[in-house]
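# Observations on chain architecture
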Amino acid sequence: MVELGKWQWQEPGTAWRGVGVYHVTLTVPSCEPLLGTLVIPDHDPSKARIERTALGNAVVDELYVMCKHYPVIRILQFCLMPDHLHAVIHVTQVMETSIRSVIRGYWQGVKKLGRAYTLEIAAELNSVTRDEGGKSAGARDEGGKSAGTRDEGGFAFPVFTERPFIRPLSRRGQLHTMIRYVLMNPQRLATKRLRPGYFRVQKDIEIGGRKYDGVGNVGILMAESFDTVHVRRMMVEAANHGETETLRNYMKSCVLKARKGVVLVSPFISPHEKQVMDVLLREQRPFIFLADNGFREYYKPSDALFDACAAGRVLILSPWPYDAEKRHISRAECVQLNAMAEEICES
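In this report, we go over the structure that sits alongside the text. These numbers were taken from a predicted model, which means no experiment stands behind them. (Residues numbered from 1 in each chain as written. Predicted model: local features only at pLDDT ≥ 70, side-chain atom pairs only at ≥ 80, totals over all residues. Heavy atoms only, no water.)

## Describing the pairing of strand 12 (residues 314-318)
For a regular strand, side chains alternate in direction, first toward one face of the sheet and then toward the other. For the record, the criterion: Only protein chains enter the calculation, and the probe is 1.4 Å; a residue is then buried if its accessible area is under 20% of its type maximum, exposed if over 50%, and partly exposed in between. Runs of H or I in DSSP of at least four residues are treated as helices and runs of E of at least two as strands, each being numbered from the N terminus. A pair of strands is considered paired only if DSSP assigns at least 2 bridges between the two. With the strands pointing away from the viewer, any crossover whose connection runs clockwise from the first strand over the helix to the second is right-handed.
Counting buried positions along strand 12 yields five of five residues, so the element is predominantly enclosed. In this sheet, strand 12 lies alongside strand 11 (residues 287-290) in parallel orientation, the contact comprising four bridges. Note on strand 12: the bridge partner recorded for Phe289 is Ile316. Crossover connection from strand 11 via helix 7 (residues 303-310) to parallel strand 12: handedness right-handed.

Right under this line is the structure:
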């Protein structure tokens, strides 16, 4: 394990070739469980594990082949899921080639594995005795092999059609957070399978004449009283000049309201608002979180929000569709979301 704060990030002139830590994700774009099967012993998500298929084992083996070719690369953590692979890797020395080229080579290797796999499945399916209607009687076996990997003529489709996603981890704390995220993947998938209602994206939730998409417990909207969490700029400026009492009292008042059963509503944008949300999560209080981006397919909340969602203590709402290119919230969006929080409380 790399100690936090001890590794270097991209020395000058060595961008994508230098020392660094990266999160790599390889997916099966069809979302078919070709790499493994989720097993949940005793219906307990904490015991969840993935039983790998032959293709899943081969994809993991290819990771170690990559490290054999590039000894300066270490695998810090990985997790194989039914339709994707997460890996956290550490480049320990400057390389002659870029990490992008290395991962592209890994991708070429797993693409060959995927093609061989689907050719094998196509051959198996073509040999299956056909029923009276002329359709294959064995579209999927116990290992998750699916007829979805071939077309009507029996030709195999490639499995890994999308290049792996590479994300550099350059900020303090990201490494620890990402390793935990990777390790928790089976448990989170199991939780979603066992409690699908709270993780399903619900469309067109109308509140105060405005429509939202939402994830979580819509029953929270039936609470008796609501209030916003909105730390004003004047409070922060006063605190920066030494007058901290107003800000401190406001944050305390928000928490005290939640303890009395008031549901707090906010986009929780500023650091002080996030501190209030941290208390709500820690004390297991219900609240409504307004998100600045919509929900992609197979959306799942991150970290503590995930656990609160599974327990029915949070409703995440977004007035806007998902934008894959969005990275930062704008000032105008902050103003809009705070106004929407007011609308929800007044509805």
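## Quick look at the packing of aromatic side chains
Working definition: an aromatic ring pair is given by the centre-to-centre distance plus the angle between the planes. Which entries qualify depends on this criterion: Working definition: a ring pair exists when centres of Phe, Tyr or Trp rings (six-membered ring for Trp) sit within 6.5 Å. Plane angles under 30 degrees give stacked, over 60 give edge-to-face, the rest tilted. In this scheme, Lys NZ or Arg CZ marks a charge over a ring once it lies within 6 Å of the ring centre and within 35 degrees of the ring normal.
In total, this model carries six aromatic pairs according to the counting rule given. Aromatic side chains Phe268 and Phe287 sit 5.6 Å apart centroid to centroid with 80° between the ring planes, which places their arrangement in the edge-to-face category. Taken together, the positions of Phe268 in the loop between strand 10 (263-266) and helix 6 (271-282) and Phe287 in strand 11 put the pair 19 residues apart, joining distant regions of the chain. Here Phe287 falls in the buried class, since its relative accessible area comes to 0%. Here Phe268 and Phe289 contribute two aromatic rings whose centre-to-centre distance is 6.2 Å and whose plane-to-plane angle is 10°, an arrangement assigned as stacked. Residue Phe268 is found in the loop between strand 10 and helix 6, and its partner Phe289 is found in strand 11; the two are separated by 21 residues along the sequence. Exposure class is identical for Phe268 and Phe289. Each is buried. Each residue in the set Phe268, Phe287 and Phe289 is aromatic and connected to the rest through ring pairs, giving one cluster. One cation-aromatic arrangement involves Lys111 over Trp107; the distance from NZ or CZ to the ring centre is 3.9 Å.

## Things to note about the sheet that holds strand 8 (residues 210-216)
What counts, and what does not: Structural elements are reduced to axes, namely lines fitted to C-alpha atoms, with helices fitted over the stretch in contact, and the angle between N-to-C directions of any two is expressed from 0 to 180 degrees. Throughout, a residue-residue contact means that at least one pair of heavy atoms, one from each residue, lies within 4.5 Å.
Judged by pairing direction, the sheet is mixed, and its six strands sit side by side in the order 7-8-12-11-10-9 without closing on themselves. Of all the strands in the sheet, the pair left with one neighbour each is strand 7 (202-207) and strand 9 (226-228). Mean inter-strand twist for the sheet, computed between neighbouring axes without regard to direction, equals 30°. Direction of pairing for strand 7 relative to strand 8: antiparallel, over a ladder of four bridges. When the sheet's bridge partners are listed, Gln202 is paired in strand 8 with Gly214. Contacts from helix 7 reach strand 8, strand 11 and strand 12, with the element oriented near 115° to strand 12.

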